[in-house]
Structure formats: C-alpha cells, structure tokens
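# Structural features, examined
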Amino acid sequence: MQQGELQDFGPDHIEGAVALSRQENWPHRPQDWQMALQLSSGAVALDDQGRVTGTILVTPYGADCAMINMVIVDRKARGKGLGRRLMEQAFALAGDRPLRLVATTDGMPLYEKLGFMPSGTILQHHGQVAALEAPEGVEAASTHDLLEIKALDRDAYGADRKALIDALAEWGEFAVIRRKGIIAAYAAIRPFGRGEVIGPVIADNAADAKVLISFFAASRPGAFLRVDTDSRTGLAGWLAEIGLAHVGGGVAMDRPARNGPEQARPRVYALANQALG
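To keep things clear, this report deals only with the structure shown in the data block. (Residues numbered from 1 in each chain as written. Predicted model: local features only at pLDDT ≥ 70, side-chain atom pairs only at ≥ 80, totals over all residues. Heavy atoms only, no water.)

## Examining the overall build of the protein
For clarity, the cut-off: Helix and strand definitions here come from DSSP, where helices need a minimum of 4 consecutive H or I residues and strands a minimum of 2 consecutive E residues; each element is numbered from the N-terminal end. It is over C-alpha atoms that the radius of gyration is taken, and the globule rule equals 2.2 Å times the number of residues to the power 0.38. Here the term buried applies to any residue with accessible area under 20% of the maximum for its type, exposed to any over 50%, and partly exposed to those in between, with areas from a 1.4 Å probe on protein chains only.
The helix and strand inventory of the protein stands at eight helices and 13 strands. Taken over the C-alpha trace, the protein has a radius of gyration of 18 Å; the compact-globule value for 277 residues is 19 Å, and the two agree within 12%. In terms of overall dimensions, the protein has a C-alpha envelope of 60 × 40 × 35 Å along the principal axes. When the 277 residues of the protein are sorted by exposure, 52% land in the buried category.

## Some remarks on unusual backbone geometry
In this chain, Gly 199 is followed by Pro 200 through a cis amide linkage whose omega measures 0 degrees. Inspection of the secondary structure puts Pro 200 in strand E10 (residues 195–202). For Met 70, which is not glycine, the phi dihedral falls at a positive 55 degrees. Checked against the element boundaries, Met 70 lands in strand E4 (residues 65–73).

## Remarks on the environment of Glu 139
This is how it is decided: Any pair of residues with heavy atoms lying within 4.5 Å of one another is described as a contacting pair. Two N or O atoms form a polar contact when they lie within 3.5 Å of each other; inside protein one atom must be a possible hydrogen donor and the other a possible acceptor, and for residues adjacent in sequence the pair counts only when both atoms belong to side chains.
As for its position among the elements, Glu 139 is in strand E7 (residues 139–140). You can call Glu 139 partly exposed: its relative accessible area is 36%. Sequence separation between Glu 139 and Leu 152 is 13 residues; the distance between their C-alpha atoms is 16 Å. Filtering out sequence-adjacent residues up to four positions away, Glu 139 remains in contact with Phe 174, Ala 175, Val 176, Arg 178 and Phe 215. A polar contact is formed between the side chain of Glu 139 and the side chain of Arg 178, at a distance of 3.2 Å.

## Focus on the nonpolar core
Condition: Each nonpolar core is a collection of buried residues, namely Ala, Val, Leu, Ile, Met, Phe, Trp, Tyr and Cys, held together in the definition by side-chain atoms within 4.5 Å.
In this structure, Tyr 61, Ile 149, Tyr 157, Leu 164, Phe 174 and Tyr 186 are the most contacted members of the largest nonpolar core, which totals 27 residues. Listed by contribution, the elements that provide at least two residues to this core are E4, helix H5 (146–157), helix H6 (162–171), strand E8 (173–179) and strand E9 (182–192). Counting residues per element, this core draws most heavily on H5, at five residues. The contacts of Leu 164, once residues within four sequence positions are left out, are Met 35, Leu 39, Tyr 61 and Ala 272. Residues Ile 56, Val 58, Ala 77 and Tyr 111 belong to the second largest nonpolar core, which totals 24 residues.

## Some details on helix H1 (residues 14–23)
The test is simple: Regarding the arc, it is the one traced by the directions from the helix axis to the C-beta atoms.
The complete set of buried residues in H1 reads Ile 14, Ala 17, Val 18, Leu 20 and Ser 21. End-on, the buried residues of H1 take up no more than an arc of 165 degrees, which puts them together on one face. Set apart from the buried face of H1 by more than 90 degrees, the exposed residues are Glu 15 and Arg 22. On its buried face, H1 sits against helix H2 (30–38), strand E3 (52–61) and E4.

## Considering the packing of aromatic side chains
Here is the rule: Two rings belonging to Phe, Tyr or Trp (six-membered ring only in the last case) form a pair when the distance between their centres is within 6.5 Å. Interplanar angles under 30 degrees mark stacking, angles over 60 mark edge-to-face geometry, and anything in between is tilted.
Under the defined criterion, the tally for this structure stands at six aromatic pairs. Geometrically, the ring pair formed by Tyr 61 and Tyr 157 is edge-to-face, given 5.7 Å between the ring centres and 90 degrees between the ring planes. One end of the pair, Tyr 61, is in strand E3; the other, Tyr 157, is in helix H5, and 96 residues separate them in sequence. Its relative accessible area of 4% is what places Tyr 61 among the buried residues. We classify Tyr 157 as buried; its relative accessible area is 5%.

## A short note on the side chain of Ser 21
Relative to the helices and strands, Ser 21 is located in helix H1. The exposure class of Ser 21 is buried, given its relative accessible area of 0%. Setting aside residues no more than four positions away along its own chain, Ser 21 makes contact with Trp 26, His 28, Trp 33 and Ile 72.

## Regarding the packing of H5 against H6
Spelled out, the test is: Axis lines are fitted through C-alpha atoms, for helices just across the contact stretch, and the angle between N-to-C directions can take any value from 0 to 180 degrees. For classification purposes, angles smaller than 35 degrees are called roughly parallel, those larger than 145 roughly antiparallel, those between 65 and 115 roughly perpendicular, and all remaining angles oblique. Definitions for this section: a left-handed crossing has its near helix turned counterclockwise from the far helix by less than a right angle. A right-handed crossing has that turn clockwise.
Close contact between H5 and H6 brings their axes to 10 Å; oriented N to C, the two are set at 135 degrees. The angle between H5 and H6 falls in the class oblique. Remark: the crossing between H5 and H6 carries right-handed chirality. Only Lys 162, Ile 165, Asp 166 and Ala 169 of H6 make contact with H5, whose side of the interface consists of Leu 146, Ile 149, Lys 150 and Asp 153.

## Observations regarding the packing of H2 against H6
What counts here: Throughout, the ten residues Ala, Val, Leu, Ile, Met, Phe, Trp, Tyr, Cys and Pro are labelled nonpolar, Asp, Glu, Lys and Arg are labelled charged, and all others, Gly among them, are labelled polar.
For the pair H2 and H6, the least separation of the axes is 10 Å and the interaxial angle reads 150 degrees. In terms of orientation, H2 and H6 fall into the roughly antiparallel class. Both H2 and H6 take part in a crossing whose hand is right-handed. Within the contact between the two elements, H2 uses Gln 31, Gln 34, Met 35 and Gln 38 and H6 uses Leu 164, Ala 167, Leu 168, Glu 170 and Trp 171. The class makeup of the residues in the contact of H2 with H6 is five nonpolar, three polar and one charged.

So far we have only geometry, and geometry alone does not tell us how the molecule works.
Next comes the structure, spelled out in structure tokens:
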C-alpha cells in the first residue's frame, strides 16, 4: 500500500476518522461522523499501516451545490500535498456543482489557490445555556411538517437539502413558527459532540431566530449547546448573553460555477454545523 493512498470513505474508516478529529480537538463522536457520512461521499488517505491520515467529505445538495467538510490531514503528513489531493478528489465527487466550505486560517491559502472566494465569517458559540423562559409563538414540529420545512429551507438556502432535513428528523427534532397556518421559520436541534447543536435556523429576522433558539434552550437549562452563525446575523452578542460564548469559527468560502460568486444567504441564522476545514 502506498503512503497516502486514497480510498473511498466507508463505515470502516469512522474509527480512524474520530482519532484524527480528536487530534485537532474537534468534538465529533462516532455518531457525528456517521451522520456526516450518511449524507456524503468522500475519501480517506491511509498510511502504509492502514491508518487514516486524511479525510474529506462532499455533501451534495441536489444538483444545486455541494458542501466540502471534515477536511483533516494528520499533522505528521502535512506539507506533502495530501490536502490538495483530497481536494482534487472532492472536486471529482462534486462534479459541476458550485462548492461551499468553512475554512480555518490554516486551510485558506490552499482553498484560495483552488478558486474559493471568501463570502462571510462564521462564528462558533457554545457553552452551558442559561435558564430561559419558554417563548410564545413557537411549537415543536411533527413529521407532517417536513415537506413545508423542506420548501422553506430551499427558498432560504438556495439549494435542495431534502436529505439533510430527513437526517435531522431521524437524529434530532424541529421547532417551527407559524403565521396564518403557514410555517414562517424553523430550527433543528440534534445531539452533537459534548451536548447538542442547534441549526439550521431559518427565519426572516433575528427576533424569530432568537425565539426558535430560546425554545430549545428553555427546555434544557444548563445544557451544553452549540450554535454556528454568520457574523452578519447580529446574533453573537445575544448568544453570549445566554451563556453561549464565542469560541472560534472560520471563513465561509465559495467556489462558484459559471455564474460568479455565491450571494449572502440572509435568512440563514445558524448553520447545520458544517465542520471547519
């Protein structure tokens, strides 16, 4: 077996991927990798002992775009072109789709060389949430709401994320705000890492986004929660006030297709926890 041989990412590689993500102090459990792989195709690099030394996943959203995530290269294998090889494999898997990712400072130079352009700043917030009063005007969603949630999500995000919504329904739960009997905003929560992650949060305004986040937080006083939000949403200060400190983040980047760079997505108040690359 060659040093750095690339193979299709399969369930047998999850244990090695978890070890690699822990090297980077990422909180992903085997179940978190499993959900990511359920939605994605990808590649792993293996050393001559069969140990996972690199990972990458490509999550397609229909034919509209794809998200590159879980990009990790073992520290001992860096500086040898492995990151570029993994990205080239991701391009092959994505086909002609426009690409999105969230970059760390270390990853940005490579992504810029490969045609990615910055499109926003992602702020990661987490911590033990304060005790909050349950908000009014929001309710738990049922399986009967999924079709409407999918339509709302596509309109806001600009891509077909039906498979993601189905996976979130399998692994977590939804809350919705209705107006005149129509779902106007939604949020999801699921187990992740040290606790739970809230996202996506799709809303027309920050007030609705806060109500949705508060709905989940109010039933979990003291729980460890995570929210990843774009800096332009204006949620950062409020998240810190309720106990979710700003602890890091990354740069949202897009690799456009033929029609130029992606536009900001103003109704997306929290991400579906795309991992940094």
